[in-house]
Amino acid sequence: MTQKSRIRTPIVAVLGHVDHGKTSLLDRIRGSSVVSTEDGAITQHIGATIVPIDGIRKMSGSMEKLALNVPGLLFIDTPGHHAFTTLRARGGALADMAILVIDISQGFQPQTLEALQILRSCRTPFVVAATKIDRIHGWRANKDQPFLVSFSRQNDRVKEMIETKMYEMVARLSDLGFSCERFDRVSDFQRNIAIVPVSAHTGEGIAELLMVMIGLAQRYMEQELALSVEGPGRGTVLEVKEERGLGTTLDVILYDGTLSVGEEIAFARQDGVAQTKIRALLKPRPMKEILVEDRFERVKTVVAATGIKISAPGLDGTIAGSPLQVIRGDPELVKERIRKEMEEIKVKISPEGLVIKADTIGALEAICNELETREIGVMRAEVGPVSRHDLIEVETIKTPYYRVLLAFNTPVLPDASDMIKDPGFSHVKVFEGKVIYKIVEEYVSWKDEQKRKAEQQKFEQIITPAKIRILPHCIFRQSNPAVVGVRVLGGTLRSDVNLIHLDGRKVGHLKSIQLNQENLREAQAGAEVAISIEGATAGRQFVVEDDLYVDIPERHVKVLEREMLSHLPISTREILLEFASMKRRSDPFWGK
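Computed from a predicted model, the values in this text were never measured in an experiment.

A. Fine view of the side chain of aspartate 96. Within the element layout of this structure, aspartate 96 appears in the loop between β5 (92-93) and β6 (97-103). Given a relative accessible area of 13%, aspartate 96 falls into the buried group. In this structure the side chain of aspartate 96 is engaged in a polar contact, spanning 2.7 Å, whose partner is the backbone nitrogen of isoleucine 11. Setting aside its immediate chain neighbours within four residues, aspartate 96 contacts Arg8, Thr9, Pro10, Ile11, Thr124, Pro125, Met221 and Leu225.

In structure tokens form, the structure reads like this:
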């Protein structure tokens, strides 16, 4: 085995906006169909597929003659780009290269831009797949043909449309600081990023996409992919799964070194770092997805990079997304390294925020990233099911809209479930979901609604400004209580408030408002209503044509001026100003 051929399979991640066709593209490459079983048709769990080099050669006839030493491509079927950032071969992204999927017609969406930022910050080489070319009006599909062959068979109008879309994409990427060109026009793949137009639906362009990926790996990544074959195996746990007849197993992406049956491995559990002996290594058949395929073949040894299932005693409670390493030499050193990595997990904890429980570290980090971009704090983030203890902790959070637990893809234990159903426990809100962006959206819209309700309640409790005029010929009762007809000149008149003159003389207490013998809670500007005033006598405390104001307590004026001014109509603001100016004549700092 020459040194040159010791190059491991590159790990490839597929990123892009929701619904631009990431999984369909992978399925086309794999020749299977996972999309239909996914939640919300968006990939939520991380699988891996090895596409052997022979499979790629077969797809693209033009490569038959090339001498290739890349053994194939290992695709991580990630939930979009979040897992890309979270699945770290610690210290860098786990993926060696990426395919950025962009819908040729929809172009750049928020998550496309987010993915580009991530690729730039991780310095990951990538290729752009411009998908859904078969949706372009008038496109004539040529099943499984290379794009260039298919493109040459289209009519001029379609060709022109594709060229325009390509041109727009290149221009947009150039604005973002990436130099790109259609793959057949790229002369230096190190300087320019290739755009390959493809259709996952018809298979057009897939061969070229794989060719470009292999070419990139072969030409520019030999150093990165050079393998320490003899080195201890290192990997990332994708998923912890119960398998019939095997108990708890781990689905792992091995990204470096070798892993053999009988070796001791160190891994992270919820109760700390543990070690165990590998009982069996199970490999899926090539060209299939780890998550779907349950017929395995047993192997003695595997070499990176590969997706492998590990069966061993004591794997319960392993944290998905965590590092795993073969122990050679001092076990404590290896364990310490894993402990350190676990502590570095990028979840920003803030003193005030909500609580998250999820099934994997990747999901925790992804949800935290998503919340962070919306400036929502996270007080605690843990892997595992939702327990009664979690709910009791959430209950102690002071801010009502943070008194929330987000449970992503993780079970709620029976005692916690009973607690949630208990009507007396209604002040803690639990959101459950299997799609990251949906669970976050649900929470955000609930939070906004809560804030709106709180504002509304505050409004209802605050005494609002109003100005009224006593109408002529409308004194229905002199006193005890005085009943008079008034016009509301501005603001909102509510019952149960005190009335006052603009010079500060007190009038009495407005007890009720009536219109056509019916009691009203409030009357708006312009209304003419009858009011009853306790403690006032017509002709003494007030006379016909007097203008009276609602007497607003000082702390209510503070709230109105500081927090609610923008919500008040202009006429109401004017009355508030008149009233506050009167009060401030004797005390300039009144209500400030």
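B. Expanded view of the nonpolar core. Of all hydrophobic cores here, the largest spans 62 residues; its most connected members are Leu25, Phe75, Ile99, Phe126, Ile162, Leu173 and Ile195. Beyond its immediate chain neighbours, meaning those up to four positions away, isoleucine 99 contacts Val12, Ala13, Val14, Leu15, Leu25, Phe75, Val127, Ala129, Leu209 and Met213. Counting residues in each nonpolar core, the second largest holds 45 residues, with Ala268, Leu391, Ala407 and Met419 among its members.

C. Representation of unusual backbone geometry in the model. Omega for the peptide link from asparagine 480 to proline 481 comes to -10°, which places this bond in the cis form. Residue placement: proline 481 occurs in the loop between β24 (466-477) and β25 (482-494). Phi at histidine 473 takes a positive value of approximately 60°, unusual for a residue other than glycine. Checked against the element boundaries, histidine 473 lands in strand β24. Residue classification places histidine 473 among the exposed positions, given a relative accessible area of 79%. Positive phi, normally seen in glycine, also occurs at glutamine 517, with a value near 65°. Looking at where glutamine 517 falls in the secondary structure, it is placed in the loop between β27 (506-515) and β28 (518-520).

D. Here's a closer look at the packing of helix α13 (residues 436-461) against helix α14 (residues 554-564). Their axes nearest at 11 Å, the elements α13 and α14 cross at an angle of 145°. Of the two possible hands of crossing, α13 and α14 adopt the one that is left-handed. From α13, Glu455, Lys458, Phe459 and Gln461 reach across to α14, where they touch His556, Glu563 and Met564. Residues of the contact of α13 with α14, tallied by class, amount to two nonpolar, two polar and three charged.

The rules we used
- Residues numbered from 1 in each chain as written.
- Predicted model: local features only at pLDDT ≥ 70, side-chain atom pairs only at ≥ 80, totals over all residues.
- Heavy atoms only, no water.
- Helix = DSSP H or I, 4+ residues; strand = E, 2+ residues; numbered from the N terminus.
- Buried < 20%, exposed > 50% of the residue type's maximum accessible area, 1.4 Å probe, protein only.
- Polar contact = N/O pair within 3.5 Å; in protein donor to acceptor, adjacent residues only side chain to side chain.
- Contact = heavy atoms within 4.5 Å.
- Core = buried A, V, L, I, M, F, W, Y, C linked by side-chain atoms within 4.5 Å.
- Axes fitted to C-alpha atoms, helices over the stretch in contact; angles between N-to-C directions.
- Left-handed = near helix turned anticlockwise from the far one by under 90°.
- Nonpolar A, V, L, I, M, F, W, Y, C, P; charged D, E, K, R; others polar.

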